Amino acid sequence: MTEFTVLAIPSPPVSSWNIFGFQLRAYAVCIIIGIVVAYLIANRRWKERGGRADSMELVVAAAVPFGIVGARLYHVITDYQLYFGPGRDPLDAFKIWQGGLGIWGGVALGALGAWLVARKRKIKFAALADAMAPGIIVAQAIGRLGNWFNQELFGAPTTLPWGLAIDPQYRPAGYEQFETFHPTFLYELLWNLGVFVVLIVLDRRLKLGHGKVFALYVALYTAGRFWIEALRIDPVNEVGGFRLNNYTSLIVFVAAVIVLILLIKFRPGREELVEGDPPAAEDDHSDDADQTDAKADDEQAEDADEKPARAESAEAEPDEVESDEAESDEAKTR
């Protein structure tokens, strides 16, 4: 018997648009919008911390491609059967526009790209991560809309008023008779926006620094991802009856909490300088330069004082010679 509800969240009728022969996919649009919004948030926070806007531009330019590659790699590795199993085409692993990104790989490899720029630009990487964390979680929230357009990664069947209507061709095997499912895309979207608010409020009130905002972001996100992941019914690899992403969420959550506790205990407050050389080093260099300039001025002054004395001495010498010659002539006359 078919289960249905009177109220439900409809799924978009299309997941792409044909624009002058180019297939524009909603999933890609959501990712791009998320990246832009994340950059705007991160750039504003970075400038408030004293960083340079052009530095954030370079960080994003490196982190985004690194992050996309990492996200795709994680997805392909953890769901390898979708691309390398019987009857599968390995080339589909490169079709990123069809969906399939793992946030874990995206954050890990994206962080690597950001670290490379930070090292080159003399940027405090922990401060950079703190500035970017709220923007990243908002980008994740926006990116989840792509799952809505693709009618994928939804939860178990439900008759709740906010159930998500899924077309028959997108329902997993064994669930064909159900019409509405838990909208896990919406749950995660709302959870991520809530995490964003918490990060902003706590950072403003407590002046968090040294990576504490980023560690808190990871802890809060993984806590939500754990229970949301448990609702999903899309086929994935499982270990001991639990989805692989549940294990990843739990492990990363514990690690983030431990790091956060250690940072609070041993690295209180936040960084005064987030980019460039320390002020002390600049002052010392300036003092050395001033001392060198002062020494040069003194030497020039001494040379200037000695020049008139030398001139007077030079003028006096001919007179003395003439006086000596005169005395000699007088002696001869006598």
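Going by the structure above, here's the rest.
Residues numbered from 1 in each chain as written. Predicted model: local features only at pLDDT ≥ 70, side-chain atom pairs only at ≥ 80, totals over all residues. Heavy atoms only, no water.

Visitor: Help me out: how do you make sense of the pattern of salt bridges in this one?
Guide: Two side chains with opposite charge may pair up if their charged atoms get near one another. One pass over the structure, following the stated rule, counts 15 salt bridges. Salt-bridge contacts for Arg121 lead to Glu275; the nearest nitrogen and oxygen are separated by 4.0 Å. Here the residue Arg121 occupies a position in helix H4 (residues 103–121), and Glu275 occupies one in the loop between helix H9 (244–266) and helix H10 (279–333), the gap between them amounting to 154 residues. A relative accessible area of 23% places Arg121 in the partly exposed class. For the salt bridge of Arg225 with Glu229, the shortest nitrogen-to-oxygen distance reads 2.9 Å. Here the residue Arg225 and the residue Glu229 both occupy positions in helix H8 (residues 212–231), the gap between them amounting to four residues, near one helical turn. A single burial state applies to Arg225 and to Glu229, both of which are buried. (Salt bridge = Lys/Arg side-chain N within 4 Å of Asp/Glu carboxyl O. Helix = DSSP H or I, 4+ residues; strand = E, 2+ residues; numbered from the N terminus. Buried < 20%, exposed > 50% of the residue type's maximum accessible area, 1.4 Å probe, protein only.)

Visitor: I'm lost on the nonpolar core in this one. Help?
Guide: Across soluble globular proteins, you tend to see nonpolar side chains buried next to one another. The biggest cluster of nonpolar side chains holds 20 residues, and the ones touching the most others in it are Trp104, Ile137, Val138, Leu199, Val213, Tyr217 and Tyr221. Sort the elements by how many residues they give to this core and H8 lands first, with seven residues. Dropping the residues within four chain positions of it, Val138 is found in contact with Val37, Ile41 and Phe196. Val59, Val117, Ile123 and Leu128 belong to the second largest nonpolar core, which has 16 residues in total. (Core = buried A, V, L, I, M, F, W, Y, C linked by side-chain atoms within 4.5 Å. Contact = heavy atoms within 4.5 Å.)

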